[in-house]
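Spelled out, the chains give:
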There are 2 protein chains.
Amino acid sequence: MSDFAAATAVTRAEGGAVAAVLDPGWDVGGGVLNGGYLLAVAARAAVLDSPHPHPVAMSASYLRATGPGPVTLDVVPGPSGRTLAHAAVTLRGPDGPSLAVQATTATLTDDAPLWAARPPAIAPVEDCLGSDGTVAGRPTKEVGLRHRVETRLDPATAGWLRGHPSGEPVMRAWIRLADGTAPDPFALLLFADVLPPTSWAIGLYGWAPTVQLQVLVRALPAPGWCLVEARASEVAGGWLDEDYRIWDATGRLVAQSRQLARVPR
Amino acid sequence: MSDFAAATAVTRAEGGAVAAVLDPGWDVGGGVLNGGYLLAVAARAAVLDSPHPHPVAMSASYLRATGPGPVTLDVVPGPSGRTLAHAAVTLRGPDGPSLAVQATTATLTDDAPLWAARPPAIAPVEDCLGSDGTVAGRPTKEVGLRHRVETRLDPATAGWLRGHPSGEPVMRAWIRLADGTAPDPFALLLFADVLPPTSWAIGLYGWAPTVQLQVLVRALPAPGWCLVEARASEVAGGWLDEDYRIWDATGRLVAQSRQLARVPR
């Protein structure tokens, strides 16, 4: 089992509830776990009793910060059919519910699309930039996620890394699991919230906690690096949106996400 | 009270539950109500007990088609603070729950943005096309929504209307409430699902029921026409995404949405 599969595993607990032990290694600093990681755990719970194996639409409200340790996942099934199934998943830790998710599961294919957005231009992986734990010349807080997911930033959108933010809140990067396993629909949920806040690209280096995140998984990804483009459309009044599109190694659009986050004013 | 405000009104029912009578006039044909209309009703319920007046992030799973008539709305409040409040809203009709919503409410402003996407080019309203109830030379089913919301399609993205679809699933339009009232955050939820399926722009004229829809409301809209751009990123395996961005009459980005819908294969 891959590190990611083990860290997101769920088990049937006594009485029919679903349980998981959240792994401290997938944090974004300060013992707070990454939002995409939490969404992948919720998706494992959503497919347990679904007739379909894959998360295709996951919308989550991040009610409070979630740390590592044991949690329960309440899964309330909704209508279910040949094409898709609905469920509501609530992740509950020692402080109460911290994540509330609307989950739609289905059976994904790699059928050729009738129409698909093509990937943007990006430098080859070997010309892109890894993280050395500093941003704009200052060490960042220790982030476990950085060791679990390999990220290679396109130099064209990584000026902020060296203290030279651009005028545009966009980042492109190559992404893969550090344990070497191929991406799957659950990993795409993780990838959909894996880059630093897009506002860093315009020089707003503060922490930007996710308020609500929707991820659509569109196809089974091919093995290899995924290309991620993250973009904000508006930064205003203390709010930021982040819009991700993710293509697999064959150039197929495999996931999209949008989140609303808070930014320092 | 405007037609829209009356049609989306909610009242406190006996025992603390919230009730509404869904208006048959906001349908998309066959007695099925529009998804954005339903989301606006859910938002009215979400703000009832919130310390904040505006929906800022609404994610909804469309569990089954919803028709007109009396419904109840169960509102389960989540964490609430100075900046935002969470709630879960379930709309329940005679056949059971038909809409499950994660709602985030807050207090919107029209503060100048630090960064904002500019509106796309579009023909002036007077050069854009209204609907005459036909598409590609054939009468469409009777759609009440068409009489409640005025839509003027940009000729550059309206070839499909005359039976000449383009190669790109994108539509631009001017939108306003037909009753003449100015847009507000609730109307933006309606506008976020108001155009025909984006797949019509590439000649797939089938019905495309919404599976899951997220709308972000970013600012208080100015009075006047709103500019809507709807775009699909992928049409594949029976699934379609629709991505809306909405600007107000001053050119300010005021809402964004993304939905996953089904399309005929």
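Each chain carries its own residue numbering, running from 1 in the direction its sequence is written. For naming, the first written chain is A and the first written ligand is 1, with later ones following in the order written. Per-residue local features of the predicted model are confined to residues with pLDDT of at least 70, and side-chain atom pairs are confined, for both listing and counting, to 80 or more; whole-chain, interface and lining totals are unaffected and use all residues. With hydrogens and water excluded, all non-hydrogen atoms of the structure serve as input to the side-chain values.

(A) Structural detail: the relation of the copies chain B and chain A. Here the copies were fitted onto each other by least squares, based on C-alpha atoms from residues at pLDDT of at least 70 in both. Overlaying chain B with chain A gives an RMSD of 0.0 Å, the required rotation being 180 degrees about an axis along which the chain moves by 0.0 Å. Here the symmetry operator amounts to a two-fold rotation axis. Using C-alpha coordinates, one finds that chain B approaches the rotation axis most closely at B:Ser59, a distance of 3.1 Å.

(B) Structural view of unusual backbone geometry. All names here are of chain A. One non-glycine residue with positive phi stands out, namely Ala136, at about 55 degrees. Counting from the N terminus, the helices are the DSSP runs of H or I reaching at least four residues and the strands are the DSSP runs of E reaching at least two. By the element assignment, Ala136 lies in the loop between strand 8 (134-135) and strand 9 (138-139). Burial here depends on accessible area, computed with a 1.4 Å probe over protein chains only, as a share of the maximum for the residue type. Under 20% is buried, over 50% is exposed, and the range in between is partly exposed. Overall, Ala136 belongs to the partly exposed group, its relative accessible area being 26%.

(C) The pattern of salt bridges, seen in detail. Residues and elements named next belong to chain B. In what follows, salt bridge is the name for a side-chain nitrogen of Lys or Arg lying within 4 Å of a carboxyl oxygen of Asp or Glu. Scanning all chains against the criterion turns up 24 salt bridges over all chains. Residue Arg172 pairs with Asp154 through a salt bridge whose shortest N-O separation is 3.4 Å. Of this pair, Arg172 sits in strand 11 (residues 170-177) while Asp154 is found in the loop between strand 10 (149-153) and strand 11, placing the two residues 18 residues apart along the sequence. As far as the burial class goes, Arg172 and Asp154 line up, both buried. Here Glu229 makes a salt bridge to Arg172, at a shortest N to O gap of 3.1 Å. Of this pair, Glu229 sits in strand 13 (residues 226-231) while Arg172 sits in strand 11; the two residues are 57 residues apart in sequence, bridging distant segments of the chain. Here Glu229 and Arg172 have matching classes, each one buried.

(D) Focus on helix 2 (residues 35-48) of chain A. All names here are of chain A. Look at helix 2: 21 Å from first C-alpha to last across 14 residues, which is about the 20 Å you get at 1.5 Å a residue. Across the 14 residues of helix 2, 13 count as buried, placing the element largely inside the fold. If you check the start of helix 2, you find a side-chain oxygen 2.9 Å away from the backbone N of Gly36, and it comes from Asn34. The length a helix should cover is 1.5 Å for every residue beyond the first. N or O atoms closer than or at 3.5 Å make up a polar contact, with two conditions inside protein: a donor-capable atom paired with an acceptor-capable one, and, for residues adjacent in sequence, both atoms drawn from side chains.

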